[in-house]
Each structure stands twice: as structure tokens, then as C-alpha cells.
Amino acid sequence: MTEIENVVVIDGLRVPFEPGQTILEAALAAGVWIPHLCHHPDFAPHGSCKVCTVVVNGRNGSACTMRALPGQEVASATPEIQERRRTLLQMLFVEGNHFCPGCEKSGNCTLQALAYDAEMLTPRFDHFYPNRRLDGSHPDVLLDLDRCILCELCVRASRDVDGKSVFAVAGRGGDCRIVVNSPTGRLGDTDLAIEDAAAHVCPVGAILPKRVGFSVPIGARVFDAGPISEVSPHLARTEDGR
Ligand code: SF4
Ligand code: FES
């Protein structure tokens, strides 16, 4: 009997996987880049941003939630899929107030780095210009929901790592937003501590530690070193440097 190989083929590359791994986990472990935004290796898959969308055996799917299976043919780096990712990123940019020149996270921001990588030159769509409440009530942490992309990493970190459930999602559709679990709804009235994982997991500039702003000079920020496909902390390095 022929033994079934635990291998998927991604853009022509043979990628081995462990049973139970997702396509994204297998790809990143093998040093193969698939863009992703709401995925973080320390947390359960979430599948909300769709930036990791790939075509698997001819059908669209999220690489971060689809299990790797033998015989899968995965397309990720085609111009069509990159164009879809660019559109998703443009939608995220116009839905919030992502004015990078005035944002402390610039250069360290996953959304901005993915947009650079996808060669996003314009927002294309009309801006929504939301006016959500800025919460500066916490002594050590600022919450600016105009920059939130609803990845729920803060929700997952607070609940699953910190054991506090400081953050949750409320509302539907365009009114969907992150809320804070305190009687006043203010961050300063929660037990969030600056040491908590939830205070540092935000991939954009929505949750920021106070009093450390602009401390890293231009040129020394994470994504100044190269495209996110080369400097992502989630990407394993192979011996040939791929
Ligand atoms: S505040 Fe940050 S971590 Fe939380 S959902 Fe929004 S973007 Fe994600
Ligand atoms: S990384 Fe897969 S849906 Fe966000």
C-alpha cells in the first residue's frame, strides 16, 4: 500500500505538515510566506481578516483556519489573490482612521506593513472618518478604537492568557466594535495591567502603552528592516534563507 505523504503544494513548493496543522501554520513553519493579519501563533485561529485567503484545489479558503491535508494544491502568490488582499487592506484603511504619519505605531504596524507588501498605493474607496471614543482613562495604556481592525487578539489574549476578559466585541455590521468590561466601560476601571499580554498584542496602533511613544527612531522600527514577508516574527527561517 502506498503511504500517504503529509505534504501540501503551495505555489509549486512542497510543504510538509504535521497532522492537525493548518495550511498557514505549515507554510510559516517551512519558511513559506502567506500574508496574515488576525493570526497569531500563540492564540487559536480567528479567521476574521481574510488576508490569508488562498485558493485550495480551486476553492477559496482562509489558510489560518483550513487544516492541511495530503494532496492539497494551494495558490497564494498569484496576482489575482494579491489584488484581493490589496482590496481587503484598502477596506480596512478606509473603515478606520489610519493616518500613519500621525500614528506612533508606524513602522511597527502589521496593517501598514502588509499594505506596503501588497503595493497598496491609494485607499481607492471613500473614507468613513469614524469618530469613536478615545479612551485615555488607564494610567498606562491608551485605547484608540479608530485604529482597531477587530482582529480580537486583545480579546483572546486577555481571556486566554491573562485570565481577565478585559475586552469583548459588541454590535453588528458597521457598528461592531471592541468594548471594555467595566461598569463604566472605561479602560481605567478594569484590572488591565501594563504587564498583561493584552496590553502588547495589538498589531496596529489601537492599544498603545503610554509614555513610550516615538521612542524607536525611523530606520530602526521592525518593518524598516525589510518587507513583512522577510521580517515577520511568525515566519520560520529555512536553511537556504527562504
Ligand atoms: S484593539 Fe487591537 S488587538 Fe484589539 S481587536 Fe482592535 S486591532 Fe485587534
Ligand atoms: S489571518 Fe486568516 S483570516 Fe485573518
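For the structure given in this document, a descriptive report is provided here.

Procedures and definitions
Residues numbered from 1 in each chain as written. Chains lettered and ligands numbered in written order. Predicted model: local features only at pLDDT ≥ 70, side-chain atom pairs only at ≥ 80, totals over all residues. Heavy atoms only, no water. Near = heavy atom within 4 Å. 1 Å grid on protein atoms, 1.4 Å probe; cavity = no way out; pocket = protein on both sides within 12 Å on 5 of 7 lines; lining within 4 Å. Sits in = over half its atoms within 2 Å of the grid points. Nonpolar A, V, L, I, M, F, W, Y, C, P; charged D, E, K, R; others polar. Buried < 20%, exposed > 50% of the residue type's maximum accessible area, 1.4 Å probe, protein only. Helix = DSSP H or I, 4+ residues; strand = E, 2+ residues; numbered from the N terminus. Pairing = 2+ DSSP bridges.

Here the focus is the site of ligand 1. Taken together, the residues surrounding ligand 1 are Cys-148, Ile-149, Leu-150, Cys-151, Glu-152, Cys-154, Ile-178, Cys-202, Pro-203, Val-204, Ala-206 and Ile-207. When atom positions are compared with the pocket grids, ligand 1 is found to occupy the largest cavity. Of the residues belonging to the shell around ligand 1, the class tally is 11 nonpolar, no polar and one charged.

Once that is clear, we can look at the pairing of strand β3 (residues 53-56). Residues Thr-53 and Val-55 line one face of β3 and the alternating positions Val-54 and Val-56 line the opposite face, and both faces are buried. Of the pairings in the sheet, the one linking β3 to strand β4 (residues 59-62) comprises four bridges and is antiparallel in character. Its bridge partner being in β4, Thr-53 is matched across the sheet by Ser-62. Linkage of β3 to β4, two consecutive antiparallel strands, is achieved through a turn of two residues, within which Asn-57 is found at a positive phi near 45°. The sheet contact formed by β3 and strand β5 (residues 73-75) spans two bridges and is antiparallel. Opposite Val-56, over in β5, you have Val-74 as the bridge partner.

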